[in-house]
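# Topology and contacts: notes
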Amino acid sequence: MLTFKGGVHPPEMKEWSKDKPIERVPLPQKVFVFLSNHAGNPAKPVVSPGDEVKTGQVIGEPEGFISAYLHSPVTGKVIEIKKILHPILGKPIEAIVIERTSDDEWVYIETGDFERMSKEEVLEVIKKAGIVGLGGAMFPTHVKLSPPPEKKVDTLIINGAECEPVLTIDHRLMLERAEDILQGILIMMKVLGVQKAVVGVESNKIDAYHNLKKVFKGYPVDVALLKTKYPQGAEKQLIYAITGRVVPRGGLPMDVGVVVQNVGTCVAVKEAVVDGKPLVERGVTVSGDAVKNPRNLIVRIGTPVRDVIDYCGGIDENTERVILGGPMMGISITNLDVPVMKGTSGITAFLPKKPQPQKPCIRCSECVQVCPMNLQPYLLYLLSTKRKYDEAVENGLMDCIECGSCTYTCPSKIEHVRYIKLAKTVYRATRRGKK
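Residues numbered from 1 in each chain as written. Predicted model: local features only at pLDDT ≥ 70, side-chain atom pairs only at ≥ 80, totals over all residues. Heavy atoms only, no water.

The name recorded for the protein in an unreviewed UniProt entry is Ion-translocating oxidoreductase complex subunit C, from Thermotoga petrophila. Among the UniProt annotations of the protein, the heading Sequence similarities (unreviewed entry) holds the following wording: "Belongs to the 4Fe4S bacterial-type ferredoxin family. RnfC subfamily." (UniProt positions renumbered as here; feature names shortened; annotations may be inferred.)

So, about the sheet that holds strand S14 (residues 295–300). Spatially, 6 strands are ordered S1-S14-S13-S17-S15-S16 in an open sheet, and the strand pairing comes out mixed. A strand with exactly one partner marks an edge of an open sheet, and here the two such strands are strand S1 (22–24) and strand S16 (331–333). Pairs of neighbouring strands in the sheet enclose a mean axial angle of 30°, with direction left out of account. Pairing geometry for strand S13 (residues 281–287) and S14, over 6 bridges, is antiparallel. Paired with Thr 285 across the bridge in S14 is Asn 296. Contacts from helix H3 (residues 169–176) reach S1, S13 and S14, with the element oriented near 95° to S1. (Pairing = 2+ DSSP bridges. Helix = DSSP H or I, 4+ residues; strand = E, 2+ residues; numbered from the N terminus. Axes fitted to C-alpha atoms, helices over the stretch in contact; angles between N-to-C directions. Contact = heavy atoms within 4.5 Å.)

Turning our eyes to something else, we now look at the pattern of salt bridges. Between side chains of opposite charge, a pair can form when the charged atoms approach closely. Following the criterion strictly, the structure yields 25 salt bridges and no others. Across the pair Lys 277 and Glu 281 runs a salt bridge, and its minimum N-O distance is 2.6 Å. Taken individually, Lys 277 and Glu 281 each receive the classification buried, so the pair is uniform in this respect. (Salt bridge = Lys/Arg side-chain N within 4 Å of Asp/Glu carboxyl O. Buried < 20%, exposed > 50% of the residue type's maximum accessible area, 1.4 Å probe, protein only.)

One can find Val 269 in helix H7 (residues 263–275). On the basis of relative accessibility, which here comes to 0%, the residue Val 269 falls in the buried class. It is 9.6 Å that separates the C-alpha atoms of Val 269 and Val 122, two residues lying 147 residues apart in sequence. Non-local contacts of Val 269, meaning those with residues more than four positions away in its chain, are made with Ile 126, Ile 131, Thr 141, Gly 184, Ile 187, Met 188 and Val 274.

In this structure's numbering, the residues bearing the UniProt feature "binding site: [4Fe-4S] cluster 1" (unreviewed entry) are Cys 361, Cys 364, Cys 367 and Cys 410. Taking the farthest pair of C-alpha atoms as the criterion, the annotated set spanning 50 residues converges on one region, since that pair is 10.6 Å apart. Considering only the annotated residues already named, the ones lining the second largest cavity are Cys 361, Cys 364, Cys 367 and Cys 410. By the element assignment, Cys 361 lies in the loop between strand S17 (346–350) and helix H9 (366–370). Here Cys 367 falls in the buried class, since its relative accessible area comes to 7%. Contact partners of Cys 367, with chain neighbours within four places excluded, come to Pro 377, Tyr 378, Cys 406, Thr 409 and His 416. (1 Å grid on protein atoms, 1.4 Å probe; cavity = no way out; pocket = protein on both sides within 12 Å on 5 of 7 lines; lining within 4 Å.)

Structural data, given as structure tokens:
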């Protein structure tokens, strides 16, 4: 089976939800839509408090090249635009607060038969739909599908690895929405002008692998079986496993002729281009040993996490951690009123575990052996604690994908990623200060 160098094998913990069909959460009474619901510049609000809006109506327009449209996830009234703490950016960011007043009254995007539309017309629909990468990075899809002329892309890779423990929403999409995934792939192949697409699926989802093989038969889309290993779904590792190509340090997938998209993004592209539906909802796994009834759900963007958890029967009163995403790369939250964003692939909750005190580094090199980026995490940790940020950058600090493999394997229980994240933040801030 295809794979990459390094990586770890954390407990999968997917049994809680992998056999649960996707359900739709009831419409929320109130949504909080961050203007920063994507990578790049925040959207510019085009509504004001007191405005009546319909589901799918544009409420924010992109500011700059790397930005995205925002749409109302419900039919209702704009109550206010206020700053609330953004769980990813770690600072207060403006959000549009909308109170639902009725069931959905849809505003659809103008579209047509994608096979007869030009590449530019299809790309414009994807842009107008506000689609971003639903694997978690939230990079605007229309930008990713617009490589510069000098970057010759020949392969579209679809990420169906879902290597993050606990999460199963992509697995369910590959079982329940394979035809939509196929249409999304064919649409993006048309935009990119490529003749080849490959979907990478880990071996622990063999039913999804066989289902895609059956649905894709007769189409120019292959399905590659990947070894179950974390972080198999990271872009550079996925590209290497499937093509053998190595993305250069500081480079992008398009530098080696590849564009990578997530299976959830494929569904969103299909719904936009074929059905005229903007991105107002996404698939989310709610799971973990503290969740009363783990589920795979379709949730409207902006729905408070508390509402989603309540739909799953709530969480144990002794819950220690609630995480947006999975346990390896997710972000812990302390306030359940934060909203679901376009990049929220999961909500996981865990009961307390016996604390493991951090000990001094013993130079065992376990972290080096498992690092998928061929870095020396122990060295980056030491340089970070000594505030030698320039030296840390020279040793690959900014190449770290923050997968957490080093932290997971460390016998001294050193939280390498926490120190590396802090070092990156300080380094970027000092660079801005110098400019």
